[in-house]
Amino acid sequence: MIGFIFSKLLDFHEFWIQALPTEPAWCVVYFIISYLLICFGVALSNRCGLPIIPTDLFPRELAQITGIPYPKIKISFDAICVVTTAALTFFFLGHVRGIGIGTVLAALSMGKVIGLMDKKLSQHFYFATRKMLHQQKQETK
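Heads up: these notes are all about the structure in this document. (Residues numbered from 1 in each chain as written. Predicted model: local features only at pLDDT ≥ 70, side-chain atom pairs only at ≥ 80, totals over all residues. Heavy atoms only, no water.)

## Digging into the state of the cysteines
Logical step 1: Under the definition given, this model contains 0 disulfides.
Logical step 2: In this structure Cys27 is not part of a disulfide, and its nearest cysteine sulfur, from Cys39, lies 19 Å away.
Logical step 3: A residue is classified by how much of its surface remains accessible, and Cys27, at 39% relative accessible area, is partly exposed.
Logical step 4: Left without a disulfide partner, Cys81 is nearest to the cysteine sulfur of Cys39, which lies 16 Å away.
Logical step 5: Residue classification places Cys81 among the partly exposed positions, given a relative accessible area of 30%. (Disulfide = S-S within 2.5 Å. Buried < 20%, exposed > 50% of the residue type's maximum accessible area, 1.4 Å probe, protein only.)

Structure representation (structure tokens):
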């Protein structure tokens, strides 16, 4: 559901985004802002236990199952996705398309930044699912 809403918001905001300046310096600023916002959103979703898009849900669940730290799994998963995409586009199109330096940088670093944001969030806030709160309420009775 969140992924669906996110995609609809992207479609909606595409109209005014096209009016933004596109000089290289601005593109770097946009990348940094969006990168940090996405990292924060994924870290917050992970802490809240929200069902997020599969590319973020799978690493979170695998980290919980295996006990391997989330940043390691996320970076590995993202790198595998980028390599797979490059291989498929090369195989079907004859050249790699749609993968830029920003994609590679994000794939190789986003897991670590999400992990750092997750740690900071945990230091300042207490996160509990509805199920956890219900169990605590039952235990206190």
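The discussion continues.
## Quick notes on the pattern of salt bridges
Side chains that carry opposite charge are capable of pairing whenever their charged atoms lie near each other.
Logical step 1: On inspection of all chains with the given rule, the structure shows 4 salt bridges.
Logical step 2: When the shortest N-O distance is used, the salt bridge between Lys74 and Asp56 registers 2.6 Å. On the criterion of sequence distance, the pair formed by Lys74 in helix H4 (residues 70-93) and Asp56 in helix H3 (residues 54-66) is long-range, its members being 18 residues apart.
Logical step 3: A relative accessible area of 3% means that Lys74 is categorised as buried.
Logical step 4: On the accessibility criterion, Asp56 (8% relative accessible area) is buried. (Salt bridge = Lys/Arg side-chain N within 4 Å of Asp/Glu carboxyl O. Helix = DSSP H or I, 4+ residues; strand = E, 2+ residues; numbered from the N terminus.)

## Re the layout of surface pockets
Logical step 1: When its volume is computed, the largest pocket comes out at roughly 1200 Å³.
Logical step 2: Lining of the largest pocket is provided by 33 residues; of these, Phe6, Leu10, Ser34, Leu37 and Ile38 occupy positions nearest its centre.
Logical step 3: A total of 10 residues in the lining of the largest pocket trace back to one element, the largest contributor, which is helix H2 (residues 24-48).
Logical step 4: Here the residues of the lining of the largest pocket sort into 22 nonpolar, 8 polar and 3 charged.
Logical step 5: For the second largest pocket, the calculated volume is near 160 Å³.
Logical step 6: If you trace the second largest pocket, you find it lined by Asn46, Arg47, Arg60, Ala63, Gln64, Tyr70, Ile114, Gly115 and Asp118.
Logical step 7: Those elements giving two or more residues to the lining of the second largest pocket turn out to be H2, H3 and helix H5 (101-124).
Logical step 8: Tallied by class, residues from the lining of the second largest pocket come to 3 nonpolar, 3 polar and 3 charged. (1 Å grid on protein atoms, 1.4 Å probe; cavity = no way out; pocket = protein on both sides within 12 Å on 5 of 7 lines; lining within 4 Å. Points joined across faces, edges and corners; volume = space filled by probe spheres on them. Nonpolar A, V, L, I, M, F, W, Y, C, P; charged D, E, K, R; others polar.)

Keep in mind that these numbers describe shape and distance, not what the molecule does.
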